[in-house]
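# Examining the three-dimensional arrangement
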Amino acid sequence: MEGSIRRNYYLIFNNIMTYLPSRILIILNSVIIIPLYAYFLSEKQISIYLIALQIVNLICTCSFDWITKAVLRFYEKYNIKNALATFFSSIFWLSVIVYTIIIICYFSFKDIILEKFAVDNTAFLLSILIVIPCGIRQFLYQILRVRNKAKLYTFSILMYQLSFIVLFFAITRIIPNAHAVLFAMLVAILFIDIYIIRQIYLNYKIEFKINKYILFEILKYALPLIVTNTSYWAILNYSKLIFQHMHEYLNTAITGIAWILSGSIIQPLVTVFTFASFPVLIRKFELKRLYKTYFTNILQLYCFLVLPLVCVFCYFSKDIVHIILPENYKTISLMLPFFASGIFLHEFMKLINIKYHLKNRTYIEMFFSVLIAAAAYFINIKMIDLYSVLGAAVVLFMSEVILVFINLFVKFRSFDYLDYKKILKTFLNIALIGIVLYAADNLIFIPFDPNKYIYIVKITAYIISYYAICYKFKDKILA
């Protein structure tokens, strides 16, 4: 391995590791909280919570997510120009306008949502209220990212998780339903927002105006992101909405818990690549120091670190469900391989699509996402009718496969940023190691009677040996 490539991996890995502890905390929280949902809440209450949570995600996607993404994208540019005060003032008033629109939409569409998806008025209202502290937290997290405050970011997540779990136990003793979970989330997020605000100091006075040039630049960059992220949200959540509309609450719960189980463990790890790399790539781009090798190495390291974990969900899905969940959720084992692979591909796609953000061509990504989301809706209805939850999982996975391939072939003039052959070589080598180890793992554990403890040992042995072999041959895999 060349010295420059080795330095790239070292820098990328160190950057990722600064945020990895926060992701591990999220995983541990999921391992604790998912079984609690399954054991303490009824299937219908879980389905209401899951739909309410997706309402929060959708509203955040259409409101504060794109605004806070603009903060991350343009902070460095206006910092170089010494114009952050004007930039933040424009961001603040844009946020006020957006939330006013959310309130209007709440009163306009409330009855439709309550009727179509069996969500009660209190759960919907709590979902709307959660959006404000969520938006503030997203803004604060972007500031922590551009200032490289990884320790404060990690500690804030730890505080949120502890406060949420304590509140969850306290409130469910009084009201054991979805309202307890949502209210616990609301209070915990507010607590963390206040804590972060007290820890950082933004020395910028808010001006009573919006800079037109900044507003135009933000809207050109971010408005397509609303449509794009809404389309991605739809692809990931069609199945839950369809099941809930059909009053198949168990299938809503199964689909939601399968997504949470795979997503809450894999997604925190895969998103750390985009989370840690995006500010660095923006800085390199603004300073005109962006190189093809660096970009390629990010994708290779992504496969190197994440693919073994995805293989665990693909090969040991039945064992994982048997360890964690009650018997009535055993169908989840059929969905986990598709969901885990879908998450891997989704974040892989987001990494390659950074090109649109750097070139301010996010409308191209928007076009493809709308096209696939529209097709996925009709295919979901057909596949769910034929194969129920398994059909939903297959459609999600295939949607992600198509999105990756379409976006891979979009290239900009004078912006050749990926070496596809190197990435494919790394992927195939790691996948082959996983298949061989799975066969060996099964042979070793044939003499043992299956039970929870054997499953845990089996999975642990597989993943340790997987990473050990990959590390042993890292120079060949990552070359």
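Look a little higher up for the structure.
Residues numbered from 1 in each chain as written. Predicted model: local features only at pLDDT ≥ 70, side-chain atom pairs only at ≥ 80, totals over all residues. Heavy atoms only, no water.

### Looking at the overall build of the protein chain
Stated formally: Working definition: helices are DSSP H or I runs of at least four residues, strands are E runs of at least two. Numbering for both runs from the N terminus. The size measure is the radius of gyration over C-alpha atoms, and the globule rule it meets is 2.2 Å times the number of residues to the 0.38 power. Remark: exposure states derive from per-residue accessible area (1.4 Å probe, protein chains only) relative to the maximum for the residue type, with buried under 20%, exposed over 50%, and partly exposed in between. The Shrake-Rupley method, run with a 1.4 Å probe, gives the accessible areas here. Residue values count only the displayed protein chains as cover. A residue counts as positive if it is Lys or Arg and as negative if it is Asp or Glu; His and the chain ends are not included. We put the charge of a Lys on NZ, of an Arg on CZ, of an Asp on CG and of a Glu on CD.
When helices and strands are tallied, the protein chain shows 17 helices and zero strands. Radius of gyration (C-alpha) of the protein chain: 22 Å, near the 23 Å computed for a compact globule of 479 residues. Taking the principal axes of the C-alpha coordinates as reference, the protein chain spans close to 70 × 60 × 45 Å. Within the protein chain, the fraction of its 479 residues that count as buried is 55%. Surface exposure of the protein chain reaches about 21800 Å², of which carbon and sulfur atoms provide 68%. Positive and negative charge centroids in the protein chain, built from 44 and 23 side chains respectively, lie 10 Å apart.

### Some thoughts on the environment of C470
Going by this rule: Throughout, a contact is declared for two residues whenever any of their heavy atoms are within 4.5 Å.
Structurally, C470 can be placed in helix α16 (residues 452–472). Overall, the relative accessible area of 0% leaves C470 in the buried class. C-alpha separation for the pair C470 and F304, spaced 166 residues apart in sequence, amounts to 7.5 Å. With residues up to four places along the chain from it excluded, the contact list for C470 reads F304, I430, I433 and I477.

### Examining the packing of aromatic side chains
Applied cut-off: Aromatic contacts are taken between Phe, Tyr and Trp rings whose centres are within 6.5 Å, Trp giving its six-membered ring; a plane angle under 30 degrees counts as stacked, one over 60 as edge-to-face, and the others as tilted. Two thresholds decide whether a charge sits over a ring: the Lys NZ or Arg CZ must be within 6 Å of the ring centre and within 35 degrees of the ring normal.
Counting across every chain of the model gives 19 aromatic pairs. Ring centres 6.1 Å apart and planes at 50° place the aromatic pair Y302 and F348 in the tilted group. Residue Y302 is found in helix α10 (residues 292–315), and its partner F348 is found in helix α12 (residues 332–352); the two are separated by 46 residues along the sequence. Accessibility classification places Y302 together with F348 in one group, the buried group. Centroid distance Y315 to Y438: 4.5 Å. Interplanar angle 20°. Geometry classified as stacked. Of this pair, Y315 sits in helix α10 while Y438 sits in helix α15 (residues 420–444), placing them 123 residues apart in sequence. For Y438, a relative accessible area of 26% gives the class partly exposed. One aromatic cluster in this structure is built from Y315, F316, Y438, Y462 and Y466. One Lys or Arg, R137, reaches over the ring of Y160 and ends 5.2 Å from the middle of that ring. Taking NZ or CZ as reference, K474 lies 4.1 Å from the ring centre of Y471, over its face.

### Looking at the side chain of H179
Locating H179 in the fold gives a position in helix α7 (residues 178–199). Judged by its relative accessible area of 18%, H179 is buried. Contacts of H179, omitting those with residues within four sequence positions, involve D120, T122, A123 and L126.

### What to know about the environment of R147
In this structure, R147 sits in the loop between α5 (121–146) and α6 (150–172). With 89 residues separating them in the primary sequence, R147 and L58 have C-alpha atoms 28 Å apart.

### A few points about the environment of R6
The topology assignment puts R6 in helix α1 (residues 3–40). The sequence separation of R6 and V119 amounts to 113 residues, and the corresponding C-alpha distance is 52 Å.

### Regarding the pattern of salt bridges
Quick note on the threshold: Take a side-chain nitrogen of Lys or Arg and a carboxyl oxygen of Asp or Glu: if they are within 4 Å of each other, that pair is a salt bridge.
Scanning the entire structure with this criterion turns up one salt bridge. One salt bridge connects E347 with K350, and the closest N-O pair in it is separated by 3.7 Å. Of this pair, E347 and K350 both sit in helix α12, three residues apart, which is roughly one turn of the helix. With relative accessibility at 1%, the residue E347 sits in the buried group. Looking at K350, the relative accessible area reads 33%, which means it is partly exposed.

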